[in-house]
Amino acid sequence: MACHFRRAIAGLISKAARIHEEKIVPLIQVSNPKTSSEGEFLLPIKPLIDIGVLPPDSVESGTAQDTIANLTNRISCQHPVLKAVSNKYGIQFSVDQALLIKSVLSKEQEDREQYGRRSDLFGVRKGEKVVVEYSSPNIAKPFHAGHLRSTIMGNFIAKLHHALGNKVVRINYLGDWGVQFGLLAVGFQLFGSEEALQTNPIQHLFEVYVKVNQAAEEDEDIHRQAREFFRLLEHRDPTALALWTRFRDLSIEEYSRIYKRLGVQFDEYSGESMYSYRSQQVISQLREAGLLQITERGTGVVDLSEDNSMSFYSTVTRSDGTSLYITRDIAAAVDRYERFKFDRMYYVVDKSQEDHFRQLFKTLEKMGYTWADRCHHIKFGRVQGMKTRRGEVVLLEDILNEAQRQMLDNMQQAATTKHMDNPEEVAETVGITAVLAQDFRGKILSDYKFDWNRALQSKGDTGVFLQYTHARLCSLERESGMLVPDSCDPALLQEQQALQLLQQIAGFDQAVHKAWTELEPRHILSYNLQLSHLVAAAHKSLKVKGSPKDVAEARLLLFHAARVTLANGMDLLCMTPVDRM
Ligand code: ARG
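Rules used throughout
- Residues numbered from 1 in each chain as written.
- Predicted model: local features only at pLDDT ≥ 70, side-chain atom pairs only at ≥ 80, totals over all residues.
- Heavy atoms only, no water.
- Near = heavy atom within 4 Å.
- Polar contact = N/O pair within 3.5 Å; in protein donor to acceptor, adjacent residues only side chain to side chain.
- Areas by Shrake-Rupley, 256 points an atom, 1.4 Å probe, with all protein chains shown as cover.
- Helix = DSSP H or I, 4+ residues; strand = E, 2+ residues; numbered from the N terminus.
- Nonpolar A, V, L, I, M, F, W, Y, C, P; charged D, E, K, R; others polar.
- Salt bridge = Lys/Arg side-chain N within 4 Å of Asp/Glu carboxyl O.
- Buried < 20%, exposed > 50% of the residue type's maximum accessible area, 1.4 Å probe, protein only.
- Axes fitted to C-alpha atoms, helices over the stretch in contact; angles between N-to-C directions.
- Parallel < 35°, antiparallel > 145°, perpendicular 65-115°, else oblique.
- Contact = heavy atoms within 4.5 Å.
- UniProt positions renumbered as here; feature names shortened; annotations may be inferred.
- Disulfide = S-S within 2.5 Å.
- Left-handed = near helix turned anticlockwise from the far one by under 90°.
- Right-handed = clockwise from strand over helix to strand, strands pointing away.
- Pairing = 2+ DSSP bridges.
- Domains from an automatic or database assignment.

Peer 1: How do you make sense of the site of the ligand when you look at a structure like this?
Peer 2: Close contacts around the ligand come from Glu133, Ser136, Asn138, His147, Tyr173, Tyr325, Asp329, Tyr347, Val349, Gln353, His356 and Phe357, and that covers them all. Within the side chain of Glu133, an N or O atom sits 2.7 Å from a nitrogen atom of the ligand. Take His147: an N or O atom from its side chain is 2.7 Å from an oxygen atom of the ligand. Out of a free accessible area of 350 Å², the ligand has 90% covered by protein chains. The set of elements that each furnish at least two residues to the shell around the ligand consists of helix H14 (325-340) and helix H15 (354-366). For the shell around the ligand, a count of residues per class yields five nonpolar, five polar and two charged.

Peer 1: What am I meant to see in the pattern of salt bridges here?
Peer 2: Note on pairing: side chains with opposite charge can pair once their charged atoms come close. Under the criterion given, the structure shown has 31 salt bridges. In this structure, the salt-bridge partner of Glu397 is Arg257, at a minimum N-O distance of 3.2 Å. Remark: Arg257 occurs in helix H12 (residues 238-262) and Glu397 occurs in helix H16 (residues 396-412); sequence separation between them is 140 residues. Asp335 serves as the salt-bridge partner of Arg339, at 3.3 Å between the closest nitrogen and oxygen. Residue Arg339 and its partner Asp335 are both found in helix H14; the two are separated by four residues, about one turn of the helix. Its relative accessible area of 40% is what places Arg339 among the partly exposed residues. Residue class for Asp335 comes out buried when judged on its relative accessible area of 8%. Sharing partners across several salt bridges, the network here consists of Glu254, Arg257, Arg261, Glu397 and Glu428.

Peer 1: Help me out: how do you make sense of the packing of helix H10 (residues 201-218) against helix H11 (residues 220-234) in this one?
Peer 2: Between two packed helices, both the angle of their axes relative to each other and the distance between the axes serve to describe the pair. Between H10 and H11, whose axes approach to 5 Å, the crossing angle comes to 120°. One way to sum up the angle between H10 and H11 is to call them oblique. Along the contact surface, H10 presents Val212, Ala215, Ala216 and Glu218, while H11 presents Glu220, Ile222 and His223. Looking at the contact of H10 with H11 residue by residue, the class counts come to four nonpolar, one polar and two charged.

Peer 1: Can you help me understand the UniProt feature "domain: DALR anticodon binding" (unreviewed entry) in the protein in this one?
Peer 2: Mapped onto this structure's residue numbering, the UniProt feature "domain: DALR anticodon binding" (unreviewed entry) falls at residues 466-581. Between the end C-alpha atoms of residues 466-581 there is a gap of 11 Å, over a span that is 70% helix and 0% strand.

Peer 1: Looking at this structure, I do not really get the state of the cysteines. What am I missing?
Peer 2: Here a disulfide denotes one covalent bond, and it connects the sulfur atoms of two cysteines. Under the definition given, this model contains zero disulfides. With no disulfide partner, Cys3 has as its closest neighbouring cysteine sulfur the one in Cys488, 19 Å distant. Judged by its relative accessible area of 12%, Cys3 falls in the buried class. Here Cys474 is not disulfide-linked; the sulfur of Cys574 is the nearest cysteine sulfur, at 19 Å.

Peer 1: Is there a simple way to explain the packing of H12 against H16 in this structure?
Peer 2: With their axes 10 Å apart at the nearest point, H12 and H16 run at an angle of 35° to one another. Remark: the crossing between H12 and H16 carries left-handed chirality. Residues Glu254, Arg257, Ile258, Tyr259, Arg261 and Leu262 of H12 pack against Leu396, Glu397, Leu400, Asn401 and Gln404 of H16. Taken together, the residues that form the contact of H12 with H16 break down as five nonpolar, two polar and four charged.

Peer 1: In this structure, what is going on with the pairing of strand E6 (residues 167-174)? I would like to understand it.
Peer 2: Within a regular strand, side chains alternate between the sheet's two faces. Of all eight residues in E6, seven are buried, a share of seventy percent or more. Since strand E5 (residues 129-133) and E6 lie parallel, the crossover through helix H7 (residues 145-163) that links them has a hand, and here it is right-handed. The pairing of E6 with strand E7 (residues 268-271) spans four bridges and is parallel. Among the inter-strand pairings, Tyr173 is bridged to a residue of E7, identified as Ser270.

Peer 1: Where do I start with the sheet that holds strand E4 (residues 90-95) in this structure?
Peer 2: The pairing of strands in a sheet happens through backbone hydrogen bonds and is either parallel or antiparallel. Here four strands make up an open sheet; going across it, the order is E1-E2-E4-E3 and the pairing antiparallel. A single partner strand is all that each edge strand has here, and the edge strands are strand E1 (29-30) and strand E3 (81-87). Where E1 and strand E2 (residues 41-44) come together, two bridges link them in antiparallel fashion. Bridge pairing in E2 places Val30 opposite Phe41.

Peer 1: How should I be thinking about the domain arrangement of the protein in this particular structure?
Peer 2: Size of an interface, as often reported, equals the accessible area lost when the parts are brought together. For the protein, the assigned domains read domain 1 (3-95), domain 2 (129-177 + 236-277 + 328-378) and domain 3 (397-444 + 453-572). Averaged C-alpha coordinates put domain 1 and domain 2 at centres separated by 43 Å.

Here is the structure:
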């Protein structure tokens, strides 16, 4: 859409400032329709400093304005660029508006489903292999808000990379190993029910786990039995293994069903259990490389400090020689590299594990794996106060049910709900969108307070508002009684509301790109919210029904483009747009 113009503008600047055109293209922005008055495109001041056109202190010293004014004077405009002016934001460019409208709206110019997905322009490397590990709950332990955040954040990162042309592998790395499985097995003999395990495995195993932990406080023997069971498990005892496999399989089955409600998928369910054997190889490897040191307490550690001072180290074995969480992670990383030869790997895990990942990556580096720097920890902040009727959330399903129930309550008050065939389904989709939007509002590293009421509000910057806007645009198309035309006469879209909406649509790829460079979904969310506000304003003043045919068609096309863009943006955020609500 806007690429053609970005190139044209970059070409002019390149001539005037003798900088390579390719360097400038990604810096050209579609101006924000709410604040721009002097042109549809903007070259902001900051990136000019970044690429060395302006000295770093030029803004403070006041020379920046003069330099860009000079540069602007040297630009000789050429169609489709009509005018360049410098102001406090940078250099603003006015372009042939009719051409811009045409390129944003007409079908032939660009496949609409692909809006925003043209990454070539911004130097996004296509065809890279990207591994994203996310969700990764622990079997029999609560699926807490942190896991939910990892699930939706990871899903977003995977979707975004896929949309931009990368090959993505999605991995769920389950906490499915450790002495807690011994406890669980003993607990199952004491408190388990075959029937409950079949019908509700996640909840049942959690209940058993809670009960056996309580019982173990009074009865030391339970711990002994648990350790014994885990020892058998580590030695692949068939009976122990069979029970463990059942716990794991049934849990995965149920998880998959719940993930599906959320629109989340994985290419593989992996887990710590797969690396208990290989982590022994890691230990030997560390020993042979002379990296393993045995402490006085008998634990095995790797010195990760620069000056061999042990000021930074990782513990990789217990005193009995068994592996730890990090040892299994080392083995898993090596295995993933061998299988996928990834260009990048993201671990989407809450910030409390920051030290763990720092140690992991440094250990890999020490072991001589040159790809260690391709591994990244995407850390995110805590969610406070996510509660359901049952109290503090322990199950993912509770959150989804609660979102659906509360949304259905709200919808019951609306007249349109009565005519709906599938209010439960709509309530679930919209409820989940509300949860996602609340989560994606701020920087991912910030903590936030979860609030059902705020999330489910239909006005204001919420997921419900996005869904409402989408449904409204769908109904506008349905009720127009017309087919969306392929193109229109730009002269029919000259109202301020129409032009602002067009400009917003033109800036979609930019929002996607920003979200990709920073790995921050909020850029797409706020883009979508601003788009929805502009749709609301345009909807009020630009009537489709009752307008002369050519005007009605032009407006219908504009609203259609807005709807497709909104839907594409929502899709990247893992929200399923609804047609009615
Ligand atoms: N299961 C872990 C937990 O719930 C998260 C796993 C994170 N991923 C990893 N490769 N260590 O805390």
